[in-house]
Amino acid sequence: MPKGTELFLSDIHGEYEAFIQTGAIDLKSWGELYFHCAEITEYKGISAPRFCCNGVILSRSKTKEIISDVLSTCRAKLVLIGKKYGVWIDKEQDKVKLLLNAQNVISSSVSKEFEELSDGVKVKFVNEDGDYSQDEMTVLYNDEVSANPIYKQLEMKYQTAPAQIFKNSKYFLAEQKLRSESIVVKLSIDGNILSLGDKVGVQLESLCTGFGEGGEIKSLTITDSTITKIYLDSKICLTDLNQLFMISVNQTGGTESVKVVDYRCTPEIDVHGIVTSVTPFVPIEMTASYPLVGDVISLGLYDEETDKQKIYSECLVYGKKDNGDGTFNITLTPYQEGIYTADSGEIPEFDSKTTIRSNEIGFIPSIELRGEKGDKGDTRVTGASGGYW
């Protein structure tokens, strides 16, 4: 049995009932997690598993919360697979499980987050290379930063290897930039076969005007009554510029009604990979209909066969709600290869500047875990445990 499942079982709860019974654990997915974590990597000439869980439990916590924290160390989440508790691992996928289109989608809605993105993170962690003292690592999204970089403060629990902290920080920053959009689709019976983490294809007209990458026009470059450049106020982030692109503009210029028009273009990005402007292949004449500042645009891939934006996108199932009437609300987020390659570069040497030494935070080889019933009948873990998971 995979060692990570031990937190579920009765040994850690003393006289109290286990969080769940052995038969309710999906051992196949937990076995896949073992091999996912056991992949060997090298740092400072030393070979070690790609993901390790190493730490102590110092306060009362719900068992499910502890399991979620433990799984976050290896980019995994606790999910229900059928009626069993299993694991979804956020990793590259090849196969699409289901195509969502007008034939099986009852309705859809699109949203996009426009919160300020950080240039990097400052991560607090217990450093195994620093005699298990509290330490801090600064990790940037890329090497080129602005004059006043924005940092997000993080704490990574149960992770003590600097190499793992660095890689998971890169993953966090890539996910923050590349998963800012979501689409919710309402399905009937097809929703029953989808699980968290499944890869699906989405073929909906709404992708042309909302989903994917979009924003507003901030300013225009006009030459001889033609628009030669469009500057965007958006958080569009691209990882592959070796594609053909097209924008769809809900444009208001030169007409009394909004008109959606497509233009082939070349996007330009800043040092963070965020698109700042697009240059039309053919200058846009300011005659019958043309873009204006404030018009809403979306950026997508260009389909040479149809001479339009591609309306097919690959997504991951990021949420699922059973409506109780035979329908399901499925939350999707774009499938982005850049999330899985963000940590593929060389791991830099970490120059520890440890100034805090706490004997209470050190590594504890083994301490018995104790179960305790909460006020609402939930089981809480109140002891501590150490060692590699």
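Please refer to the structure placed before this passage.
Report on the accompanying structure.

Cut-offs used in this document
Residues numbered from 1 in each chain as written. Predicted model: local features only at pLDDT ≥ 70, side-chain atom pairs only at ≥ 80, totals over all residues. Heavy atoms only, no water. Pairing = 2+ DSSP bridges. Helix = DSSP H or I, 4+ residues; strand = E, 2+ residues; numbered from the N terminus. Buried < 20%, exposed > 50% of the residue type's maximum accessible area, 1.4 Å probe, protein only. Arc of directions from axis to C-beta. Axes fitted to C-alpha atoms, helices over the stretch in contact; angles between N-to-C directions. Core = buried A, V, L, I, M, F, W, Y, C linked by side-chain atoms within 4.5 Å. Contact = heavy atoms within 4.5 Å.

Re the pairing of strand β16 (residues 259-269)
The sheet contact formed by strand β15 (residues 245-251) and β16 spans seven bridges and is antiparallel. Its bridge partner lying in β16, Ile 247 is registered against Tyr 263. The pairing of β16 with strand β17 (residues 275-280) spans five bridges and is antiparallel. Bridge pairing links Cys 265 to Pro 280 in β17.

Concerning helix α2 (residues 63-72)
Where α2 is concerned, the buried positions are Thr 63, Ile 66, Ile 67, Val 70 and Leu 71. Along the axis of α2, the buried positions cluster into a sector of 135°, meaning they face one direction only.

Some details on the sheet that holds strand β9 (residues 133-140)
As summarised here, the arrangement of the three strands in space is β9-β8-β10, forming an open sheet in which the pairing is mixed. In this open sheet, the two edge strands, each paired with only one partner strand, are β9 and β10 (151-155). Neighbour to neighbour, the strand axes of the sheet diverge by 25° on average, direction disregarded. Bridge count between strand β8 (residues 120-127) and β10: five bridges; the pairing is parallel. Looking across to β10, one finds that Val 123 is bridged to Leu 154.

Topic: the nonpolar core
Counting residues in each nonpolar core, the largest one holds 24 residues, and the members touching the most others are Val 121, Val 123, Met 137, Val 139, Ile 165 and Ile 339. Those elements giving two or more residues to this core turn out to be β8, β9, α3 (162-178) and α5 (337-341). The biggest single contributor to this core is α3, with seven residues. Not counting residues up to four positions away in its chain, the partners in contact with Val 121 are Met 137, Thr 138, Val 139, Tyr 151, Lys 152, Leu 154, Ser 169, Phe 172 and Leu 173. Core analysis: the second largest hydrophobic core is formed by 16 residues, Phe 245, Val 249, Val 261 and Ile 284 among them.

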